[in-house]
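Single-letter residue listing:
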Number of protein chains: 2
Amino acid sequence: MSLPQPRTLAEIDTPAVIIDLDKALANLARAQAFADAQGFALRPHIKTHKLPFFARKQVALGAVGITCQKIGEAEVMADAGLTDILITYNILGAAKLARLKALNARVTLSVTADNAAVLAGLVETFTDPARPLTVLVECDTGGGRCGVQTPAEALALAQSIVAAPGLRFGGLMTFPKVGKAAESQAWLAEAVALLAAHDITCPRISTGGTPDFQKAGDVPVATEFRPGTYIYLDRAQVAMGAGTLDQCALTVLTTVVSRPTPQRAILDAGSKTLSSDLFGQQGFGILRDRPELTLSGLSEEHGVLDLSPMPGAVAVGDRVHVLPNHACVVTNLFDYVYFVSGDRVVDVVPVAARGRVG
Amino acid sequence: MSLPQPRTLAEIDTPAVIIDLDKALANLARAQAFADAQGFALRPHIKTHKLPFFARKQVALGAVGITCQKIGEAEVMADAGLTDILITYNILGAAKLARLKALNARVTLSVTADNAAVLAGLVETFTDPARPLTVLVECDTGGGRCGVQTPAEALALAQSIVAAPGLRFGGLMTFPKVGKAAESQAWLAEAVALLAAHDITCPRISTGGTPDFQKAGDVPVATEFRPGTYIYLDRAQVAMGAGTLDQCALTVLTTVVSRPTPQRAILDAGSKTLSSDLFGQQGFGILRDRPELTLSGLSEEHGVLDLSPMPGAVAVGDRVHVLPNHACVVTNLFDYVYFVSGDRVVDVVPVAARGRVG
């Protein structure tokens, strides 16, 4: 892939993902300082950026390791020199298990499991006590996605892990429901006590999510946090109180291609650029510099900007920054992103870990 | 990019986009036969598949050319030997205009314009009467996206095109509102009459959209149709009556990775695989073989399958085909797709025209 080489923001063709490098690095540093002050480990989720550069930066700042959602992401990060990786996913099937085994031979790896079928695959694949795979039990503390439903189920899986010569019990992991820290704390504390009553200690208790990251103190049982979106933030995170509009580091630079009426402008960014994620928001994004203007509709390559609050506010040819609802799904749509500092383009960076299967 | 080489469906790792080649080719042939019988030209939109193989097949079956939404798509198709390309987009800015000029030197190219600023860029770039660029005027006949708002505006732009030595007036183009064929017909017929009254004839009158393709007879003024999704169809198109479930040629093969409760299964396909497009549907997709089961939620790499209509219907490790709401945005998320015939993998094909900027 040949990459464009613009020197300034004005030379970037649209649509393009723009990363304000200064803001992104400030977001990383602020989160690490908070984790250090609160005394918990930070294990950032790289799904948001999918870039080795930022993963290395996160570890250099003090993260204990990184979190990935797919083996393919973890393989890219291992190739880039990352050495401690948690894959928060149930991994199954011969092809993926073979890749997982190869990965465990070269980095400090851990995965999660929430059911006996997945665990059986891990037990069968990992048989060497000299190079065990670390497995955490995923717990549904309210998120309603994966995870065992009760502490008793967590105990049963933990016992199976402890009994497997090629596995090592890594503790508990949850993807918590936003705003429900107390429920998560109660669930996990009960599970830890139940495990302790059966002489099983939890080396790590891992929770996640940028929205409640600043309320980490409400889940004191957790030893590790896995925020992802905090690096860029986005419209939805700002709405949830995780940061300010000014701290958002990712925008999509677009051009106004049509102004059919004074109340309507069309941008060259649609659902194949911004995604259709609503994430609880009205509309599909806002203008960074005029946040009262909302994208009211998207087709694949067109975005409809509702100008009714400011009729005629933009003209054909204007370039505007869109703040998307959800940053993570936007970077996944692009082969490369631009790092900028002010108006200067610092680098053009391939999204190395996108497009991976499993 | 190294591609996997499975021989059978069972050897494909998930998540994966599966194209039933027999069904896709049947969909192409049926549409061409319909266009031939009705006596209008077919100019398929390649945004859905983004594959040179299918674009060539569409032309071989009788299409007059293809439609693209971006210069980048058109460049890929020109490289693959396609010779007649319409880009249904307002193109502006020095970088894109230079690419457009290079493209016009090697294929029979046409574009659309709906405003004076875009037209000014085309007039300035294309000055050679020996190699003019064909420009159609985009008309908003009810779709509410781009397009001039009145036949009088269409006339004004057409006159500017006619007056430009390096441009050639190609006719009218619209992206119509689904189910509003009568309005589209009335609008276009009025514009054609107004142009005729000013001695301007319309070589082409181009309309589009798979949903109303079978009602092409309701827009007799149109000479050309630009359906895209008809090749694969999807859940939304079936809901709109454009085809049957059995005719859908694209599915996403997934694996059940968790079954936290009897009423809930988790698939390894989320918004980074299926997109979040609702397209008027409830939920984010259905199971092809059990269409009463719906994906009730998505996170980035997980899909929540609501099993309440059939508790316990699937188990961890089961592989199920998801019929997505909207096929076009799914192929855009993948670097390659699998062509299958029955259980046999016929080919693994890079999605050549995805990831293009502008």
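As a reminder, the structure under discussion sits directly above these lines.
The notes below deal with the structure included here. (Residues numbered from 1 in each chain as written. Chains lettered and ligands numbered in written order. Predicted model: local features only at pLDDT ≥ 70, side-chain atom pairs only at ≥ 80, totals over all residues. Heavy atoms only, no water.)

### Re the packing of aromatic side chains
Between two aromatic rings, the relevant description is the distance of the centres plus the angle of the planes.
Residue and element names in this part refer to chain A.
Inference 1: The tally for this structure, following the rule as stated, stands at 22 aromatic pairs over all chains.
Inference 2: Judged by centre distance (5.8 Å) and plane angle (80°), the ring pair of Tyr 336 and Tyr 338 falls under edge-to-face.
Inference 3: In this structure an aromatic cluster arises from ring pairing among Phe 34, Phe 40, Phe 213, Phe 225 and Tyr 230. (Phe/Tyr/Trp six-rings, centres within 6.5 Å; stacked < 30°, edge-to-face > 60°.)

### Points about the relation of the copies chain B and chain A
The operation linking the two copies of the chain is a rotation about an axis combined with a translation along the axis.
Inference 1: Least-squares fitting of chain B to chain A yields an RMSD of 0.0 Å, with the superposition described by an axial translation of 0.0 Å and a rotation of 180°. The relationship between the two copies is best expressed as a two-fold rotation axis. Judged by C-alpha distance, B:Ser276 is the residue of chain B that lies nearest the rotation axis, at 2.6 Å.
Inference 2: In this assembly the copies share their binding face: 100% of the residues contributing to the interface of chain B also contribute to that of chain A. (Least-squares fit on C-alpha atoms with pLDDT ≥ 70 in both. Contact = heavy atoms within 4.5 Å.)

### Some remarks on the packing of helix H4 (residues 94-104) of chain A against helix H5 (residues 116-125) of chain A
Residue and element names in this part refer to chain A.
Inference 1: Packing of H4 against H5 brings their axes to within 10 Å, and their N-to-C directions diverge by 50°. Of the possible angle classes, the one that applies to H4 and H5 is oblique. Crossing geometry of H4 relative to H5 is assigned as right-handed. In this structure, H4 contributes Leu 97, Leu 100 and Lys 101 to the contact, and H5 contributes Gly 121, Leu 122 and Thr 125. (Axes fitted to C-alpha atoms, helices over the stretch in contact; angles between N-to-C directions. Helix = DSSP H or I, 4+ residues; strand = E, 2+ residues; numbered from the N terminus. Parallel < 35°, antiparallel > 145°, perpendicular 65-115°, else oblique. Left-handed = near helix turned anticlockwise from the far one by under 90°.)

### Describing the sheet that holds strand S8 (residues 204-208) of chain A
Residues and elements named next belong to chain A.
Inference 1: The strand order across the open sheet formed by eight strands is S2-S9-S8-S7-S6-S5-S4-S3, and the pairing between neighbours is parallel. On the outer flanks of this sheet lie strand S2 (41-42) and strand S3 (66-68), each paired with one strand and no other.
Inference 2: Taken together, the four bridges between strand S5 (residues 108-113) and strand S6 (residues 133-139) define a ladder with parallel strand orientation. Across the sheet, residue Ala 113 finds its bridge partner in S6, namely Val 137.
Inference 3: Sheet contacts for H5: S5, S6 and strand S7 (167-174); angle to S5, the most-contacted strand, approximately 150°. (Pairing = 2+ DSSP bridges.)

### A word on the pattern of salt bridges
Inference 1: This model, assessed by the stated rule, comprises 34 salt bridges over all chains.
Inference 2: A salt bridge links A:Asp140 to B:Arg264, with the shortest nitrogen-to-oxygen separation between them at 3.1 Å. Within this pair, whereas A:Asp140 is found in the loop between S6 and helix H6 (151-163), its partner B:Arg264 is found in strand S11 (residues 264-267), the two belonging to separate chains.
Inference 3: The exposure class of B:Arg264 is buried, given its relative accessible area of 14%.
Inference 4: Measuring nitrogen to oxygen at the nearest pair gives 3.5 Å for the salt bridge that ties B:Lys215 to B:Asp212.
Inference 5: Three or more residues joined by partner-sharing salt bridges are found here, namely A:Arg43, A:Asp84, A:Arg204 and A:Glu224. (Salt bridge = Lys/Arg side-chain N within 4 Å of Asp/Glu carboxyl O. Buried < 20%, exposed > 50% of the residue type's maximum accessible area, 1.4 Å probe, protein only.)

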